[in-house]
Amino acid sequence: MQANGTGQERDSEVSCRNGAQNGESSSAVEAHSNGLVAVTDNENGVSSGSNNNNNGVSAQPAPNNCNNNSSSSTSSTEVKKKKRLSQCEEDVIRLIGQHLHDLGLNQTVDLLMQESGCRLEHPSATRFRNHVMEGEWDKAESDLNELKAMMHSPSAIVRMKFLLLQQKYLEYLEDGKVLEALQVLRAELTPLKYNTERIHVLSGYLMCSHAEDLRAKAEWEGKGTASRTKLLDKLQTYLPPSVMLPPRRLQTLLKQAVELQRERCLYHNTKLDSGLDSVSLLLDHTCSRKQFPCYTQQILTEHCNEVWFCKFSNDGTKLATGSKDTTVIVWHVDVETQQLKLLKTLEGHAYGVSYLAWSPDDTYLIACGPDDCSELWLWNVQTGELRTKMSQSHEDSLTSVAWNPDGKRFVTGGQRGQFYQCDLDGNLLDSWEGVRVQCLWCLGDGRTVLASDTHQRIRGYNFEDLTDRNMYVTAVTELSNINAPVSGSHSHQRVWKSFLYVFFTR
């Protein structure tokens, strides 16, 4: 192009402006500035050679033949004068860019990255992504060597290579290239010496008679965009976010924020939950008193005296109620209608029932009595039979109980001075002296038991090494309930809301 050619220069300026405004590359093979999608401008028949951007972002405001454009020069000066973005600001821009890319707004992503000076992902990760999605497995495997230096765990490369070769193997089989698939299995997958059990399973797919049979047995989507996208999601988990963002990261963060707001909402009705589309992201989530269930849905009248305790099963399909009338009633919960129907009545609790605990698999139910009760009943809910009735001492009380996660042991105790660990037949396994228990909970490690006591403490007791320590001390008069393990979980809120929801509806 000649600088003094008036007509040609004017055409170049117009072409350059159009390319800059649309965020398009003037090269037939030049990559997008975000490093993700290649755009070809074949309509004008213009090609400036093979110029791939190694940084994944085009930092130049315009080509040399457009420097006479004063507006472009001014814009470039303004970009240079901008302050350096903080790490948090760059992360936000990358999240927005990824979301826009998922929506197909690639030109907008180019302009965003160019103006901000950020990079959506590392160029090596971009090439890796494109090669995976295009099924160019040799090139994708070569890209792993470039990514290796950026990864925190060297062993992750072996896992990523295994996933790539597995996809390559399955696609060869679907295409009917049995010899090529066998070569991948013998010469590439097996030498990795990784996940040999899976390799044995893969070898069995050689016997599949047709593609449909292969997809069914392998539980695989088949060759194409769907399976490769799923593969890429797995591969991304091994790459640092500075190299390649986890898939749909912005949506994940938004869902987490909405879930947290709902859990903290005092009047939230779980029936209204239906994903991000049901809420506004422009305001914090709040529910008023008017939205809280306030109409009686069902009144249960089968007990003939005070009801002292209620507890849903872990799967939510049953409700157990204990009463002063010496019975436990197990109700079936209709998940659709939220109606309860009497399932079984468990009788013989002479002191009444003031505490109930379901086993982890909901097979057994333990019933405890009030403060003057030294007996405990363990029922098989499925058969309605009493598995065991135990009492360690007539001078002790068994008013609280908690199941070990293995479902084969439980701990129990009361306010008279000690608590016990027992098996399903009521045999004493261990005991702890001098602890006046208000409530018990077994942690997920299977060793530690939390106990709230009459000294305003929550202490952790380890039955394996026989040690104990303070977990929490409070100034309240009495800690009488521990509804969930101390792990930051909001499950106790969900249980409470679920309990209310069965009896009330809007």
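Parameters and conventions
Residues numbered from 1 in each chain as written. Predicted model: local features only at pLDDT ≥ 70, side-chain atom pairs only at ≥ 80, totals over all residues. Heavy atoms only, no water. Helix = DSSP H or I, 4+ residues; strand = E, 2+ residues; numbered from the N terminus. Buried < 20%, exposed > 50% of the residue type's maximum accessible area, 1.4 Å probe, protein only. Areas by Shrake-Rupley, 256 points an atom, 1.4 Å probe, with all protein chains shown as cover. Pairing = 2+ DSSP bridges. Axes fitted to C-alpha atoms, helices over the stretch in contact; angles between N-to-C directions. Core = buried A, V, L, I, M, F, W, Y, C linked by side-chain atoms within 4.5 Å. Contact = heavy atoms within 4.5 Å. Polar contact = N/O pair within 3.5 Å; in protein donor to acceptor, adjacent residues only side chain to side chain. Salt bridge = Lys/Arg side-chain N within 4 Å of Asp/Glu carboxyl O. Expected span 1.5 Å × (residues − 1). pLDDT = per-residue confidence, 0-100. Parallel < 35°, antiparallel > 145°, perpendicular 65-115°, else oblique. Nonpolar A, V, L, I, M, F, W, Y, C, P; charged D, E, K, R; others polar.

### Here's the deal with the overall build of the protein
In terms of helices and strands, the protein carries 13 helices and 18 strands. Burial analysis of the protein (506 residues in total) assigns 40% to the buried set. On the protein, roughly 28,300 Å² of surface is accessible, and the fraction owed to carbon and sulfur atoms is 49%.

### Concerning the sheet that holds strand 11 (residues 409-413)
The four strands are arranged 10-11-12-13 in an open sheet whose pairing can be described as antiparallel. Every other strand in the sheet has two partners, leaving strand 10 (400-403) and strand 13 (428-433) as the edge strands with one partner each. Adjacent strand axes in the sheet meet at a mean angle of 15 degrees, parallel and antiparallel pairs treated alike.

### Observations concerning the pairing of strand 3 (residues 318-323)
Within strand 3, six of the six residues are buried, which leaves it mostly tucked inside the rest of the structure. Of the two faces of strand 3, the one carrying K318, A320 and G322 and the one carrying L319, T321 and S323 are both buried. Sheet topology places strand 2 (residues 307-312) next to strand 3; five bridges connect them, and they run antiparallel. Within the sheet, the bridge partner assigned to K311 lies in strand 3 and is A320. Counting the residues in the hairpin turn of strand 2 and strand 3 gives five residues, including G316, whose phi is positive at 75 degrees. Of the pairings in the sheet, the one linking strand 3 to strand 4 (residues 327-333) comprises five bridges and is antiparallel in character. In the sheet register, G322 faces strand 4, and the bridge partner there is V328.

### Things to note about the environment of N195
Counting through the fold element by element, N195 comes out in the loop between helix 8 (178-189) and helix 9 (196-204). A C-alpha to C-alpha distance of 9.0 Å links N195 and R159, two positions 36 residues apart in sequence.

### Here's the deal with the nonpolar core
Nonpolar side chains tend toward joint burial in soluble globular proteins. Core analysis: the biggest nonpolar cluster contains 30 residues, and L365 and F410 have the highest contact counts within it. Breaking this core down by element, the ones donating at least two residues are strand 4, strand 6 (355-358), strand 7 (364-368), strand 8 (376-380), strand 10 and strand 12 (418-423). It is strand 7 that contributes the most residues to this core, five residues altogether. For L365, the contacting residues outside a window of four places in its chain are A320, V328, V330, L346, L356, A357, W358, W377, L378, W379 and V381.

### Observations concerning the side chain of S313
Positionally, S313 belongs in the loop between strand 2 and strand 3. Within the local environment of S313, its side chain forms a polar contact with the backbone nitrogen of T317, the two atoms lying 3.4 Å apart. If we ignore the near neighbours within four places in the chain, the residues touching S313 are K318, W358 and D362.

### As for the pattern of salt bridges
In the structure shown here, the tally under the stated rule is 16 salt bridges. The salt bridge partner of K217 is D213, with a shortest N-O separation of 3.6 Å. Residue K217 and its partner D213 are located together in helix 10 (residues 211-218), separated by four residues, close to a single helical turn. What you see here is one network of salt bridges that share partners, running through D138, K168 and E188.

### Observations regarding the sheet that holds strand 9 (residues 385-390)
Strand order in the open sheet formed by four strands is 6-7-8-9, and the pairing between neighbours is antiparallel. Looking along the sheet, the strands with just one partner apiece sit at the ends: strand 6 and strand 9. Recorded for the sheet is a direction-independent mean angle of 20 degrees between the axes of neighbouring strands. Of the strand pairs in this sheet, strand 8 and strand 9 are connected by five bridges, and their pairing is antiparallel. Within the sheet, the bridge partner assigned to L376 lies in strand 9 and is M390.

### Examining helix 5 (residues 123-134)
With 12 residues, helix 5 extends 17 Å from end C-alpha to end C-alpha; this agrees with the ideal 16 Å at 1.5 Å per step. Taken together, the buried residues of helix 5 touch helix 6 (137-147), helix 7 (156-174) and helix 11 (225-236). Positive backbone phi, at 75 degrees, marks G135, one or two positions downstream of helix 5.

### Observations regarding the pairing of strand 10
The alternating pattern of strand 10 places S400 and A402 and V401 and W403 on opposite faces, both of which are buried. The sheet contact formed by strand 10 and strand 11 spans four bridges and is antiparallel. Each residue of the ladder has a partner; that of V401, found in strand 11, is T412. Where strand 10 folds back on strand 11, the antiparallel hairpin that results is connected by five residues, among which G407 adopts a positive phi of roughly 75 degrees.

### Overview of the confidence of the model for the protein
For the protein, mean pLDDT is 77; residues scoring 70 or higher make up 75% of the total. Note on residues 1-33: pLDDT is under 50 here. Beyond four places in sequence and across chains, it has 56 contacts.

### Things to note about the packing of helix 7 against helix 11
Their axes nearest at 10 Å, the elements helix 7 and helix 11 cross at an angle of 170 degrees. On the basis of their axis angle, the class for helix 7 and helix 11 is roughly antiparallel. Contacts between helix 7 and helix 11 involve M160, L163, L164, Q167 and E171 from the former and S227, R228, L231, K234 and L235 from the latter. Broken down by class, the residue content of the contact of helix 7 with helix 11 amounts to five nonpolar, two polar and three charged.

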